[in-house]
Amino acid sequence: MSTIQELGDAFERRGKRAKLAIMAGPGVGWLLTLILVPTTFLVMVSFAEINSSYDVVWSFSVSNYRELFVGESGFLQTPFVDSFFLSLRIAAATTFLTVVLAYPVAYLLTRLSGRRFKVVLFAVLVPFFTIFIVRIYSWLSLFGSQGLINSALVATPLTSEPLGIFEYGLAAVVISLTHAFFPYMLLTLYSSLEGIDYGVIEASRDLGATRIEIARDVVIPLSAQGLITGCVFVFVPALGTFITPQFLARGKFTMIAEVLTARINELYAINYGAAGSLFLIIPTLIAFAIVMRTTSLEAMG
Amino acid sequence: MADSEGHGRLSRLVGEPGLAGTVSVDRLVSAIASYGMWALTIGIVVFLWLPLSQIIALSFMENSAVLFPFEGVTLQNYVSLFTNEGLLMAARQSAFVATVSASVATLIGVPMGFAIARHEFRGRKMLRGLVIVPLLMPGIIMGISLLILFRVIGLSPGFFGTVLAHSVYGLPFIVLPVVARLAVFDRKLEEGARDLGADGRGVLTDVTLPIISPAIAAGFIFAWLRSFEDFIRVFFVGGTMDALTKEMYGMVVYSQGTEAMDPMATIIVLVVSAALAVAINFRDILEYV
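These figures come from a predicted structure and were not determined experimentally.

A short note on the overall build of chain A
- When its secondary structure is counted, chain A shows 13 helices and four strands.
- Counting across all 301 residues of chain A, residues that qualify as buried make up 49%.
- Long-range contacts, defined as pairs at least 24 residues apart, comprise 66% of the intrachain contacts of chain A with a sequence gap of at least 6.
- Entry remark: accessible area of chain A is about 14,200 Å², with carbon and sulfur atoms responsible for 64%.

Okay, structure coming up:
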């Protein structure tokens, strides 16, 4: 009797496993072959060389990394290093601006309902669904010395010369990135703020906490998880952006994605590109660790 | 006690008659915060819409590069859009790639979501982590690493490679909402259906899938949009295949046929706003983003 039972259990387990393999198998296969394997290749190619017929010659040399960091004028004096640190600063500034702008709006959204909620939501979400390249392009004719902002300013008595800050360059890139990524921050902040039990806020008010104390001791700590996730989802894509500086820096500076793309496109130096892009993987891995620690998958929908 | 003195001073400053002494800093902060939030929100809506509305205005302008000097209103830009065969072809091609990629992601992602949400197995935690990687990975890394992979296995860049790249890119947008929806799913509904005589397949098609289908639909739309708007991945793995973003990029960077750019952008903004207005009125779409 018991052996038959065991046999039945074993069949059932096998059936379950087969079912599971059918359900999750294709997805796992996709992730392995299109994410894990290519990333492994990327690491390997970063140590390899490319021969004159553009084939990968498997080897182990650090020359790609040396090329990244050692320039003609010395260590760390390369376009890559400059672009990398500039990209980090641009991504950090963008993240900071989106937090400052999105936090109050997200909080306001949690306090609204009905028609008002729908109107505000619509107004802030349309740019989000507009494709990225259009969002960035839409700033093109606003900036520049002939751009709308400068033309408008010159028309006023405030200034007779176009202002440098509204030329193509750093401000244009940071502002357009903030514009493009604002909704990511808003949505993650909104969903974590919405999860806060309003009773907690009322209770702390009843216990005598001031608004500032409530914000500092209750709302911000309880929404910290959304804040961190939002920062990750803004910082990482901002760091690797290619189109934005192409459109709005107009050659004044180059960001890391442009340096790598140019090398690969012009010289087919995928080994150099691989080594360089690994420095984008590091922030990604940190971001991944943060998200995994702070967020449950069930809450990420 | 210093605190209450502070309150007193401020309440005199605020000067509400009859309430002197009871109006606290707190009320003041609250009022400032409330008006401040509205002011900031309105400011942000202006900030978000300013560039887009400007594009819409420019699309009807005689001199489409700048608003000033004003040279008159025209539909000529729309004519040059609809006679730009290359751009229209690219738009169609991108829509096709997006549809195929999002469909593949849905077919793979929905069962995977079920497996993660409803089964205990070894490596489940790792899989949950792995699923969000395509979402977090910068596009340029995905582009370069897939370019290397395709080169090593001898797959030439083009439509097939782009669909592979975009379907894995879209996978999290399907899996995450499905897992999230199943986590709050009331399984009593399924038990009830089973008690009433439904078999496993019937429960799935008549109870479970209809309930989670809005989450799947929202995921499909996101996956579709992400594929449609992608530039850097298709730049690396698309080869010579047409793509709307590649075409638009070329138009801006090499300043060719730019007069078609504003109408194209306008149409995209208008289609999106119409679709979104409908979606917001029909369902609480925030559940799925």
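Observations concerning helix α7 (residues 170-194) of chain A
Residue and element names in this part refer to chain A.
- The terminal C-alpha atoms of α7 lie 35 Å apart, and with 25 residues this matches the ideal 36 Å at 1.5 Å per residue to within 8%.
- Within α7, the axis deviates most sharply at Phe181, by approximately 45 degrees, and proline Pro183 lies no more than four positions further along.
- Counting buried residues in α7 gives 20 out of 25 residues, a clear majority hidden from the surface.

Structural notes on the environment of Ile281 of chain A
- Inspection of the secondary structure puts Ile281 of chain A in helix α13 (residues 270-294).
- The spacing of Ile281 of chain A and Thr39 of chain A is 242 residues in sequence and 9.3 Å in space, taken between C-alpha atoms.
- If we skip the residues at most four places from it in the chain, Ile281 of chain A touches Thr39 and Leu42 of chain A together with Ile141 of chain B.

A closer look at the interface of chain B and chain A
- Contacts between chain B and chain A engage 95 residues on the former and 97 residues on the latter.
- The junction of chain B with chain A conceals about 8,800 Å² of combined surface from both sides, 82% of it contributed by carbon and sulfur atoms.
- Linking chain B with chain A are one salt bridge, by the criterion used here.
- In this structure, Glu229 of chain B and Arg135 of chain A form a salt bridge, with 3.3 Å as the shortest nitrogen-oxygen distance.
- Along the contact surface separating chain B from chain A lie ten residue pairs in polar contact (both at pLDDT 80 or more).
- With 18 residues, helix α2 (residues 25-58) of chain B is the largest single contributor of residues to the side of chain B that touches chain A.
- In terms of residue class, the side of chain B that touches chain A is built from 77 nonpolar, eleven polar and seven charged.

Regarding helix α8 (residues 159-183) of chain B
All names here are of chain B.
- Taking 1.5 Å per residue as the helical rise, α8 with its 25 residues ought to reach 36 Å, and the 36 Å between its terminal C-alpha atoms agrees with that figure.
- At Gly170, α8 shows its largest bend, some 30 degrees, and a proline, Pro172, comes one to four positions later.
- Counting buried positions over the 25 residues of α8 gives 21, a clear majority of the element.

Comments concerning the side chain of Asp230 of chain B
Residue and element names in this part refer to chain B.
- Looking at the secondary structure, you find Asp230 in the loop between α10 (200-229) and α11 (232-237).
- Given the relative accessible area of 4%, Asp230 is considered buried.
- Only 3.5 Å separates the side chain of Asp230 from the backbone nitrogen of Ile232, close enough to count as a polar contact.
- Excluding residues that lie within four positions of it along the chain, Asp230 makes contacts with His166 and Thr245.

Here's the deal with the UniProt feature "transmembrane region" (unreviewed entry) in chain A
Residues and elements named next belong to chain A.
- When the UniProt feature table is mapped onto this chain numbering, "transmembrane region" (unreviewed entry) sits at residues 20-48, 84-107, 119-140, 165-187, 226-249 and 269-291.
- Secondary structure across residues 165-187 divides into 78% helix and 0% strand, with the first and last C-alpha atoms of the span separated by 30 Å.
- Counted over residues 269-291, helix gives 96% and strand 0%. Its end C-alpha atoms are 33 Å apart.

Brief notes about the packing of helix α4 (residues 85-118) of chain B against helix α5 (residues 124-131) of chain B
Residues and elements named next belong to chain B.
- In the contact formed by α4 and α5, the axes pass within 10 Å of each other and the chain directions differ by 135 degrees. The orientation of α4 with respect to α5, classified from their angle, is oblique. As α4 runs across α5, the sense of the crossing is left-handed. Two secondary-structure elements touch here, α4 through Met112, Ile116 and Ala117 and α5 through Arg124, Leu127, Arg128 and Val131.
- Its residues placed into classes, the contact of α4 with α5 shows five nonpolar, no polar and two charged.

Comments concerning the pattern of salt bridges
- Per the counting criterion, the structure on display carries three salt bridges over all chains.
- It is possible to trace a salt-bridge network through shared partners that takes in Arg135 of chain A together with Arg226 and Glu229 of chain B.

Description of a nonpolar patch on the surface
- A cluster of nonpolar residues, Met44 and Trp58 of chain A together with Val152 and Ile153 of chain B, forms a patch on the protein surface that exposes about 390 Å² of accessible area.
- Along the chain, Trp58 of chain A falls in the loop between β2 (56-57) and α2 (63-69).

Things to note about the confidence of the model for chain B
Residues and elements named next belong to chain B.
- Per-residue confidence for chain B gives a mean pLDDT of 77, with 85% of residues at or over 70.
- Within chain B, the element-level pLDDT minimum falls on helix α1 (residues 2-14), averaging 42, and the maximum on α11, averaging 89.
- Within the model, the stretch residues 1-21 combines pLDDT values under 50 with 13 contacts to residues more than four positions away or in other chains.

Considering the UniProt feature "transmembrane region" (unreviewed entry) in chain B
- UniProt's entry tags residues 32-52, 95-117, 129-153, 159-182, 203-225 and 264-282 of chain B with the feature "transmembrane region" (unreviewed entry), counted in the numbering of this structure.
- Helix makes up 88% of residues 129-153 of chain B and strand 0%, whereas the separation of the span's terminal C-alpha atoms amounts to 27 Å.

So, the environment of Leu182 of chain B
Residue and element names in this part refer to chain B.
- Checked against the element boundaries, Leu182 lands in helix α8.
- With 68 residues separating them in the primary sequence, Leu182 and Phe114 have C-alpha atoms 7.6 Å apart.
- Setting aside residues no more than four positions away along its own chain, Leu182 makes contact with Gly113, Phe114, Ala117, Arg118, Thr208 and Ile212.

Some details on the packing of helix α4 (residues 114-129) of chain A against α2 of chain B
- As a packed pair, α4 of chain A and α2 of chain B sit with axes 8 Å apart at the nearest point and diverge in direction by 40 degrees. Taken together, the axis directions place α4 of chain A and α2 of chain B in an arrangement best described as oblique. By crossing handedness, the relation of α4 of chain A to α2 of chain B is classed as left-handed. In this structure, α4 of chain A contributes Arg116, Val120, Ala123, Val124, Val126 and Pro127 of chain A to the contact, and α2 of chain B contributes Trp38, Thr41, Val45, Leu48, Trp49 and Leu52 of chain B.
- In the contact of α4 of chain A with α2 of chain B, the residues fall into ten nonpolar, one polar and one charged.

A word on the side chain of Thr178 of chain A
- Secondary-structure assignment places Thr178 of chain A in helix α7.
- Taking the relative accessible area as the measure of exposure, Thr178 of chain A reaches 2% and is therefore buried.

A short note on a positive patch on the surface
- Together, Arg13, Arg14 and Arg17 of chain A together with Arg122 of chain B give the surface a local cluster of positive charge.
- With respect to the element layout, Arg122 of chain B can be found in the loop between α4 and α5.

Describing the nonpolar core
- Grouped together as the largest cluster of nonpolar side chains are 165 residues, with contacts concentrated most on Leu31, Ile131 and Phe247 of chain A together with Ile140, Leu244 and Met248 of chain B.
- In terms of residue count, α7 of chain A provides more of this core than any other element does, 14 residues in total.
- In this structure, Val97, Val163, Met241 and Ala243 of chain B belong to the second largest nonpolar core, which totals five residues.

Remarks on the environment of Phe288 of chain A
- Note that Phe288 of chain A resides in helix α13.
- The spatial distance from the C-alpha of Phe288 of chain A to the C-alpha of Thr229 of chain A is 9.6 Å, given a sequence separation of 59 residues.
- When near neighbours in sequence (up to four residues on either side) are disregarded, Phe288 of chain A contacts Gly129, Ile132, Val133 and Leu136 of chain B.

Criteria and thresholds
Residues numbered from 1 in each chain as written. Chains lettered and ligands numbered in written order. Predicted model: local features only at pLDDT ≥ 70, side-chain atom pairs only at ≥ 80, totals over all residues. Heavy atoms only, no water. Helix = DSSP H or I, 4+ residues; strand = E, 2+ residues; numbered from the N terminus. Buried < 20%, exposed > 50% of the residue type's maximum accessible area, 1.4 Å probe, protein only. Contact = heavy atoms within 4.5 Å. Areas by Shrake-Rupley, 256 points an atom, 1.4 Å probe, with all protein chains shown as cover. Expected span 1.5 Å × (residues − 1). Bend = angle between axes of the 7 residues up to and from the residue. Buried area = accessible area lost by both parts, 1.4 Å probe. Salt bridge = Lys/Arg side-chain N within 4 Å of Asp/Glu carboxyl O. Polar contact = N/O pair within 3.5 Å; in protein donor to acceptor, adjacent residues only side chain to side chain. Nonpolar A, V, L, I, M, F, W, Y, C, P; charged D, E, K, R; others polar. UniProt positions renumbered as here; feature names shortened; annotations may be inferred. Axes fitted to C-alpha atoms, helices over the stretch in contact; angles between N-to-C directions. Parallel < 35°, antiparallel > 145°, perpendicular 65-115°, else oblique. Left-handed = near helix turned anticlockwise from the far one by under 90°. Patch = residues over 30% accessible without salt bridge, like charges linked within 9 Å, V, L, I, M, F, W, Y side chains within 5 Å. pLDDT = per-residue confidence, 0-100. Lys, Arg positive; Asp, Glu negative; His and termini not counted. Charge placed at Lys NZ, Arg CZ, Asp CG, Glu CD. Core = buried A, V, L, I, M, F, W, Y, C linked by side-chain atoms within 4.5 Å.

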